[in-house]
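Residue-level listing of the chains:
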Amino acid sequence: MRVEEGFQPVPFVEGNPYSTDPVLPALLKRILPADVFRDVDYDLERFGGEVLTTLRNLSKLATPPQLIQYDSWGRRVDDLRTSEGWRGLKDVYHREGIVAIPYERKYREHSRSYSFAKIFIATSDSEVVDCPMSMTDGVARVLELIGPSKLKEDILPRLLSRDPAQAYTAGQWMTERPGGSDVSRTETVASLVTGGSTPYGPQYKIDGFKWFSSATDSDLALALARTGRAEDGSRGLSLFLIPVRLPLLRSPGEPRPSALTNNIHIHRLKNKFGTKIVPTAELSIQGAEGYLLGQPNQGVKLITPVLNITRTHSAVGSVAYLRKSLAIATAHSTGRAIRTGKQLLRDNPLHVAELARLHVLYRALVHFVFGSIVLLGKAECGVATESESLRLRLLTPAIKAFAADKCVTAVEDCMTMLGGEGYMEENGITKLIQDGLVEKIWEGTITVLSLDLLRVIEKSLALNAFVQWSNDALTSVPAALGQTLEEPITLLRKALVALADAYKAPIQPLATRPALFLFSHIASSVYLLEHAVWAVKTAQSGHESDVEVFRRWVLEGGLDTSLENVRRAQSAPKDRSQTDTTIVYGTNGRVGGARL
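Just so it is clear, the model here is predicted, and its values are computed rather than measured.

J.: Requested: an account of the packing of helix 10 (residues 304–333) against helix 11 (residues 349–380), with residues and values cited.
T.: As a packed pair, helix 10 and helix 11 sit with axes 10 Å apart at the nearest point and diverge in direction by 155 degrees. In terms of orientation, helix 10 lies roughly antiparallel with respect to helix 11. Crossing geometry of helix 10 relative to helix 11 is assigned as left-handed. Within the contact between the two elements, helix 10 uses I309, T312, A315, V316, V319, L322, R323, L326, A329, T330 and S333 and helix 11 uses H351, L355, L358, H359, Y362, L365, V366, V369, I373, L376 and E380.

Put into structure tokens, the structure is as follows:
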């Protein structure tokens with residue numbers, strides 16, 4: 001039989017990633033003023049068409065970068081070559097104002113939601129190009145907050161430019177060999193050059209080795225370098241802006257110099273499991289010129305805005321990968337037939353039940369992440385209340401951890417919904433798994449983020465603000481709807497009590513991680529409830545589904561498991577950690593080396 005003979009599988013058809021999404025249009029309609037929503041809705045539908053055409057075509061041209069360290073005469077050149085597709089994707093992001101929109105603030109605090117909505121529908125079809133854009137976003141925020149006037153004049157407009165010929169991208173260099181998220185052992189040193197000066201302040205010479213530098217093709221980077229004593233740990237670190245190549249300012253169309261022009265040697269490109277199109281490298285910094293930002297020895301504090309922004313980008317990326325995977329799985333169910341071709345998958349109760357479970361999770365995550373984005377926009381525009389600012393500090397690490405954890409498994413489940421076809425590279429889900437896994441590591445693992453959440457709670461009244469907000473939302477439910485939702489609302493009240501108890505001093509160390517999941521389940525549930533109440537009050541189409549999604553997420557989405565995990569961790573015996581050590585390393589507590 002010839003391949004074109006016999007049964008022919010029906011390919012799934014994806015619609016516009018914005019207008020066919022089951023969550024985003026209604027969510028934006030709720031959180032944006034009517035006039036803003038009208039503009040944003042129109043632009044997102046237009047951009048959704050660009051995603052299906054321009055971005056996908058460019059992605060086909062994106063190939064892994066190459067590093068040519070020496071020319072034919074043996075001279076060190078460190079020529080970093082990226083593909084036409086990668087450069088084209090960056091150009092589209094610049095033209096669309098992905099970084100610019102939040103700083104142009106045409107729609108005031110709502111500009112953040114607009115920008116992230118564009119990122120959300122594009123990320124899964126743009127080869128992780130939001131990696132350099134997220135760091136550019138973070139660097140722009142730092143310069144806006146603490147940059148010297150000359151840097152704001154020369155560099156900030158480049159970071160925010162919509163003209164690809166003028167636009168710069170930026171990176172961040174924090175990770176070193178002694179520790180990943182732990183920067184206290186940073187070996188990179190910054191030395192003040194006696195008598196040296198630049199238009200951007202005193203001249204510093206930077207020496208060190210950076211183990212991971214994502215988007216090495218960027219024009220500049222933020223880096224931590226030691227200006228204090230080694231024994232001072234993270235308290236001896238300062239924040240610097242380092243040109244990746246000199247001169248920092250170049251005319252449009254002028255060739256990009258090698259990083260060697262600023263004494264930065266690209267040691268090698270990293271061989272990663274995923275995100276292979278992103279040029280990530282090890283850098284040997286041998287006397288690079290750098291510019292101090294803010295006060296000396298305050299680097300960790302001053303770089304926090306970058307982490308908050310990149311962690312938000314990471315959370316959006318995780319859920320965006322699930323968006324596409326779930327859209328594929330759902331579309332496939334409308335064309336694939338089983339039972340001798342008599343029943344479509346969409347008509348099979350077991351199959352649809354699994355899809356419904358994933359859709360409930362997806363809705364919860366979208367509302368959770370965009371709830372935090374709304375607060376970020378308010379904080380940046382100076383209109384957030386004290387309570388909102390405190391809640392944002394809790395939500396930022398939580399959305400990043402929770403989205404990464406839930407989405408990786410959910411994307412795998414979407415793959416299985418296509419059967420053997422799901423395992424094929426051509427449908428795109430396999431690559432989303434490879435690229436999406438980095439979100440569980442980049443900008444902090446779940447354990448690191450759970451400790452960040454704990455620090456915020458210990459040092460502020462953020463948890464009180466969160467509990468008050470949650471209780472206010474539960475109390476505001478209309479009586480009739482409250483009767484319908486009595487069971488999930490009762491469970492949420494119980495969970496809030498357990499959450500407050502989990503963070504009472506002295507805190508059981510083993511409860512920190514499960515407490516983050518409990519917090520995330522509660523927060524995502526409250527955001528779903530807010531949306532359901534709005535949908536019912538305004539008689540939105542599909543409001544019955546919004547109510548049911550809230551009910552299922554609270555009762556079936558894992559909140560009860562989170563409650564049990566916290567309870568178990570709190571009541572763990574005192575020798576639990578020692579028992580863990582014995583299980584992992586044996587009774588002598590030593591790890592034997594391999595014999596060759």
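There's plenty left to go through after this.
J.: Go over the pattern of salt bridges, please, and point to the residues and values.
T.: One pass over the full model with this rule turns up 41 salt bridges. E354 is the partner of R357 in a salt bridge, and the nearest nitrogen-oxygen pair spans 3.0 Å. With R357 and E354 both in helix 11 and 3 residues apart, this pair spans about one turn of that helix. We classify R357 as partly exposed; its relative accessible area is 39%. When the shortest N-O distance is used, the salt bridge between R576 and D580 registers 3.7 Å. Here the residue R576 and the residue D580 both occupy positions in helix 21 (residues 576–585), the gap between them amounting to 4 residues, near one helical turn. One continuous salt-bridge network, built from bridges that share partners, spans E14, R56, D125 and K324.

J.: How would you sum up the layout of surface pockets? Please name residues and give values.
T.: Of the voids in this model, the second largest pocket is the one considered here, and its volume is about 790 Å³. Elements with a minimum of two residues in the lining of the second largest pocket: helix 2 (34–60), helix 10 and helix 13 (429–436). Partitioned by chemical class, the residues of the lining of the second largest pocket number 11 nonpolar, 8 polar and 12 charged.

J.: Requested: an account of the packing of aromatic side chains, with residues and values cited.
T.: Counted under the stated rule, the structure contains 12 aromatic pairs. The interplanar angle of 50 degrees and the centroid separation of 4.9 Å between the aromatic rings of W469 and Y527 together place this pair among those described as tilted. In this pair, W469 sits in helix 15 (residues 462–475) while Y527 sits in helix 18 (residues 512–537), placing the two residues 58 residues apart along the sequence. Judged by its relative accessible area of 5%, Y527 falls in the buried class. One aromatic cluster in this structure is built from F368, F402, F517 and W553. Between K118 and the ring centre of F47, over which it is positioned, the NZ or CZ distance is 5.0 Å. Looking at K270, its charged tip hangs above the ring of F212, at a distance of 4.4 Å from the centre.

Conventions adopted
- Residues numbered from 1 in each chain as written.
- Predicted model: local features only at pLDDT ≥ 70, side-chain atom pairs only at ≥ 80, totals over all residues.
- Heavy atoms only, no water.
- Axes fitted to C-alpha atoms, helices over the stretch in contact; angles between N-to-C directions.
- Helix = DSSP H or I, 4+ residues; strand = E, 2+ residues; numbered from the N terminus.
- Parallel < 35°, antiparallel > 145°, perpendicular 65-115°, else oblique.
- Left-handed = near helix turned anticlockwise from the far one by under 90°.
- Contact = heavy atoms within 4.5 Å.
- Salt bridge = Lys/Arg side-chain N within 4 Å of Asp/Glu carboxyl O.
- Buried < 20%, exposed > 50% of the residue type's maximum accessible area, 1.4 Å probe, protein only.
- 1 Å grid on protein atoms, 1.4 Å probe; cavity = no way out; pocket = protein on both sides within 12 Å on 5 of 7 lines; lining within 4 Å.
- Points joined across faces, edges and corners; volume = space filled by probe spheres on them.
- Nonpolar A, V, L, I, M, F, W, Y, C, P; charged D, E, K, R; others polar.
- Phe/Tyr/Trp six-rings, centres within 6.5 Å; stacked < 30°, edge-to-face > 60°.
- Lys NZ or Arg CZ within 6 Å of the ring centre and 35° of its normal.

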